[in-house]
Amino acid sequence: VLGPLTIDPVTMGGDAVTILGQADGWKPLFAFVPAVSFAIGQSNYVATAANTVTITMTSNLDFDAGSTVTLTGLTGSSSSGLPTFPISTDTGAFGTSAPWYRETGILVLTVASGAFNTIGDTVITLNLVNGPVGQDAVSVSAGYTLGTLGG
């Protein structure tokens, strides 16, 4: 028989660092619901024409280096894809190129090293050439994977 065991309360804490853009992210048991949405538009809908595709990602979290955003369904362009495709972003978060699998319509954006703010809107731009024949609008979906948290 060990008898009653008394454990004094201990203050939990840690280093006050922002994690994924959340100032309270370092506090024990802090939790928030990530929210990421995408809006996609284009500049030209004529076959064989140059077309600037603009993707606006709206997020309530900061994506750390190594995080990926994958867009699926970007088919119908006659622009070449792999090994990389030139892109631009208003924040520089995704660098200047990304793997794009033209036949399957998959574009994989990876957050580059450095300090980038992806809370709010991040605008990604692709300069494509429309395919040689007309097509109905495609359905584009998106997903993300977080990189190293807090790093």
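Further up the page is the structure itself.
The following refers to the structure shown. All values derive from a computational prediction rather than experimental measurement. (Residues numbered from 1 in each chain as written. Predicted model: local features only at pLDDT ≥ 70, side-chain atom pairs only at ≥ 80, totals over all residues. Heavy atoms only, no water.)

Things to note about the overall build of the protein chain
Item 1. Across its full length, the protein chain holds zero helices and nine strands.
Item 2. Out of the 151 residues in the protein chain, the part that is buried amounts to 26%.
Item 3. Look at the contacts in the protein chain between residues 6 or more apart in sequence, and 68% of them connect residues 24 or more apart.
Item 4. Total accessible area on the protein chain is roughly 9,000 Å²; 57% of this is exposed by carbon and sulfur atoms. (Helix = DSSP H or I, 4+ residues; strand = E, 2+ residues; numbered from the N terminus. Buried < 20%, exposed > 50% of the residue type's maximum accessible area, 1.4 Å probe, protein only. Contact = heavy atoms within 4.5 Å. Areas by Shrake-Rupley, 256 points an atom, 1.4 Å probe, with all protein chains shown as cover.)

Focus: the nonpolar core
Item 1. Formed by 21 residues in total, the largest nonpolar core has its most connected members in I87, F94, L107, L109 and L126.
Item 2. Listed by contribution, the elements that provide at least two residues to this core are strand 2 (50-59), strand 3 (68-72), strand 4 (85-89), strand 7 (106-110) and strand 8 (120-129).
Item 3. For I87, the contacting residues outside a window of four places in its chain are F94, G95, T96, S97, A98, L109, T125 and L126. (Core = buried A, V, L, I, M, F, W, Y, C linked by side-chain atoms within 4.5 Å.)

Re unusual backbone geometry
Item 1. Its identity is not glycine, yet T48 carries a phi of approximately 65°, on the positive side.
Item 2. Turning to its location among the elements, T48 is positioned in the loop between strand 1 (36-42) and strand 2.
Item 3. Take T48: its relative accessible area is 53%, and that puts it in the exposed class.

What about the sheet that holds strand 3?
Backbone-to-backbone hydrogen bonds pair the strands of a sheet. The strands run either parallel or antiparallel.
Item 1. With respect to topology, four strands assemble into an open sheet ordered 6-7-3-9, the strand pairing being antiparallel. Only two strands of the sheet have a single partner each, and these edge strands are strand 6 (100-101) and strand 9 (141-145).
Item 2. Summarising the sheet, strand 6 and strand 7 pair through two bridges and their orientation is antiparallel. Across the sheet, residue W100 finds its bridge partner in strand 7, namely L107. (Pairing = 2+ DSSP bridges.)

Quick word on the packing of aromatic side chains
Here the distance between the centres and the angle between the planes together describe a pair of aromatic rings.
Item 1. Applying the stated criterion to the full structure yields three aromatic pairs.
Item 2. On the numbers, 4.9 Å between centres and 65° between planes, the contact of F85 with W100 is edge-to-face. Here W100 lies in strand 6 and F85 lies in strand 4, a separation of 15 residues in the sequence. The two residues F85 and W100 agree in class, both being buried. (Phe/Tyr/Trp six-rings, centres within 6.5 Å; stacked < 30°, edge-to-face > 60°.)

With respect to the environment of A137
Item 1. Relative to the helices and strands, A137 resides in the loop between strand 8 and strand 9.
Item 2. Remark: the alpha-carbon pair of A137 and G76, spanning 61 residues in sequence, is separated by 9.4 Å.

Points about the sheet that holds strand 5 (residues 97-98)
Item 1. Taken together, five strands build an open sheet; the order of strands is 1-2-8-4-5 and the sheet is antiparallel. The open sheet has two free edges, formed respectively by strand 1 and strand 5, since each of these has just one partner strand.

Digging into the pattern of salt bridges
Pairing between side chains of opposite charge can happen when their charged atoms approach one another.
Item 1. For the coordinates displayed, the defined rule picks out one salt bridge.
Item 2. R102 is the salt-bridge partner of E103, the closest N and O atoms lying 3.3 Å from each other.
Item 3. A relative accessible area of 28% means that R102 is categorised as partly exposed. (Salt bridge = Lys/Arg side-chain N within 4 Å of Asp/Glu carboxyl O.)

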